[in-house]
Amino acid sequence: MDDVLGSAIEILCDDGVILKGDWWRSARKEMLGVVIMNPATGVLARYYHHYARFLSLHGFEVLTYDYRGIGLSRPERLAGCGYNWRQWGELDFDAVMRHAMQRRPGIPVSVVGHSIGGVLPGYAPNASHLHRMLTVGAQYAYWRDYLPSHRMALFLKWHLLMPGLTALIGYFPGRALNWLEDLPAGVAYQWGLGRERLESRLKPCEVEQILSRFAAVTAPILAIGVSDDEFGTKPAISRTVAYFSGAEVTKAMLSPGDVGRHMVGHFDLFHARHATGFWLDTLLWLRDGINPWPNRRFD
């Protein structure tokens, strides 16, 4: 089974933007379902390729992709394109969801969403067809929800410097600063200048439509956090999943020790060192709908 590889794909969005990614075929004859991998903000799809390959070896087909403005889906000129989080959900994830359903009709489609990737399905009309959701550190960067010990430093970095540099350059030069990938201006401003409520990012006439889409997601959600994640805290996760009012939500907060580490933070769980621990546990949810961490639930 060592020859499992992703095959390059292109996905056309409703507004004509083409996304690029990979389709990972199942290594088993009996396919368990399709899993879409939604990245965190400013993280390339290839960061999740080891996890995608792991899922494919265990019977899932997996779709990994870069949002518009990121990685393989970056335009020739990033400055001025203005792509934002809402477009990543309403157009990008919606097109990816449609592609998965058309490619494997009748097969359940689930999503693993890291950080903002766990929020974006709520914007997408096709997300009402989701089978299950697994979110990891899912939140939309409200600074008051950050881990208290990191709050001031993160506020200065992401809510002052990031929008300021974006205004000067026309996009956020994250790669040059070694602060994630370059970001379209719309995403940088939404992160850097956003307020405490998701609705605050929308025009009043759009609020009802967007919140109704979140409510239309009925797939059960397992929302995971780690106690040393400076972004995905209990308040941040709770604030996020509350918008999915039509879904049954289970929230679990792990400690680094639960996954055999001294430190985990926001990104570590998708490193290959977790293949024999955390990754195996995620199969229980994606395959069987079982929460592997019943003693770590929180309200």
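Residues numbered from 1 in each chain as written. Predicted model: local features only at pLDDT ≥ 70, side-chain atom pairs only at ≥ 80, totals over all residues. Heavy atoms only, no water.

Draft legend 1. Expanded view of the layout of surface pockets. Space inside the largest pocket adds up to approximately 190 Å³. As for the largest pocket, its lining consists of 18 residues, of which Leu 180, Trp 191, Phe 231, His 266 and Phe 267 are closest to the centre. Broken down by class, the residue content of the lining of the largest pocket amounts to twelve nonpolar, five polar and one charged. By volume, the second largest pocket amounts to about 150 Å³. (1 Å grid on protein atoms, 1.4 Å probe; cavity = no way out; pocket = protein on both sides within 12 Å on 5 of 7 lines; lining within 4 Å. Points joined across faces, edges and corners; volume = space filled by probe spheres on them. Nonpolar A, V, L, I, M, F, W, Y, C, P; charged D, E, K, R; others polar.)

Draft legend 2. The arrangement of helix α5 (residues 185–193) in detail. The element α5 is extensively covered by neighbouring structure, given that seven of its nine residues are classed as buried. All of the buried residues along α5 are Ala 185, Gly 186, Val 187, Ala 188, Gln 190, Trp 191 and Gly 192. Buried residues along α5 sit against α2 (85–103), α3 (151–169), β7 (171–172) and β8 (183–184). (Buried < 20%, exposed > 50% of the residue type's maximum accessible area, 1.4 Å probe, protein only. Helix = DSSP H or I, 4+ residues; strand = E, 2+ residues; numbered from the N terminus. Contact = heavy atoms within 4.5 Å.)

Draft legend 3. Looking closely at the packing of aromatic side chains. In this structure the tally under the stated criterion is 20 aromatic pairs. Ring centres of Tyr 65 and Tyr 67 lie 5.4 Å apart, and the angle between their planes is 90°; this geometry places the pair in the edge-to-face category. Judged on exposure class, the residue Tyr 65 and its partner Tyr 67 are both buried. Each ring, one from Phe 214 and one from Phe 244, has its centre 5.0 Å from the other, and the planes form 55°; the classification is tilted. Pair noted here: Phe 214 is in helix α6 (residues 204–216) and Phe 244 is in the loop between α7 (234–241) and β10 (249–254), with a separation of 30 residues, a long-range link. In this structure, Phe 214 and Phe 244 share a single accessibility class: buried. (Phe/Tyr/Trp six-rings, centres within 6.5 Å; stacked < 30°, edge-to-face > 60°.)

Draft legend 4. Highlighting the packing of α2 against α5. With their axes 7 Å apart at the nearest point, α2 and α5 run at an angle of 120° to one another. Between α2 and α5, the interaxial angle falls into the category oblique. The segment α2 lies against α5, with Trp 85, Arg 86 and Trp 88 engaging Val 187, Gln 190 and Trp 191. Looking at side-chain class alone, the contact of α2 with α5 contains four nonpolar, one polar and one charged residues. (Axes fitted to C-alpha atoms, helices over the stretch in contact; angles between N-to-C directions. Parallel < 35°, antiparallel > 145°, perpendicular 65-115°, else oblique.)

Draft legend 5. Just the nonpolar core, in detail. If you look at the biggest cluster of nonpolar residues, it comprises 57 residues, and the most contacted ones within it are Ile 36, Leu 63, Trp 85, Phe 93, Leu 130 and Trp 191. Of the residues forming this core, the biggest block, seven residues, is contributed by α2. Membership of the second largest hydrophobic core comes to 30 residues, among which are Trp 24, Val 35, Tyr 51 and Ala 52. (Core = buried A, V, L, I, M, F, W, Y, C linked by side-chain atoms within 4.5 Å.)

Draft legend 6. Broad picture of the sheet that holds β10. Taken in spatial order, the eight strands make up an open sheet running β1-β2-β4-β3-β5-β6-β9-β10, and their pairing is mixed. Either end of the sheet is taken by a strand with one partner, and the two such strands are β1 (6–12) and β10. The mean inter-strand angle of the sheet, taken between neighbouring strand axes irrespective of direction, is 20°. Sheet topology places strand β9 (residues 221–226) next to β10; six bridges connect them, and they run parallel. Paired with Ile 221 across the two strands is Val 249, which belongs to β10. Strand contacts of helix α8 (residues 278–288): β3 (33–38), β4 (60–65), β5 (109–114), β6 (133–136), β9 and β10, with the helix running at about 150° to β6, the strand carrying the most contacts. (Pairing = 2+ DSSP bridges.)

Draft legend 7. Highlighting helix α1 (residues 49–57). Within the span of α1, buried status applies to His 49, Tyr 51, Ala 52, Phe 54, Leu 55 and Ser 56. Turning to α1, the residues buried within the fold contact β2 (18–24), β3, β4, β5, β6 and α8. Residue Gly 59 follows α1 closely and has a positive phi angle near 105°.

Draft legend 8. Here's a closer look at a nonpolar patch on the surface. A cluster of nonpolar side chains, namely Met 152, Leu 156 and Leu 160, defines an oily patch on the protein surface of about 300 Å² accessible area. Structurally, the position occupied by Leu 156 is in helix α3. With a relative accessible area of 41%, Leu 156 lands in the partly exposed category. (Patch = residues over 30% accessible without salt bridge, like charges linked within 9 Å, V, L, I, M, F, W, Y side chains within 5 Å. Areas by Shrake-Rupley, 256 points an atom, 1.4 Å probe, with all protein chains shown as cover. Salt bridge = Lys/Arg side-chain N within 4 Å of Asp/Glu carboxyl O.)

Draft legend 9. Focus on the pairing of β1. Relative to β2, β1 runs antiparallel, the two being bridged by seven bridges. The partner of Ala 8 across the bridge, within β2, is Asp 22.

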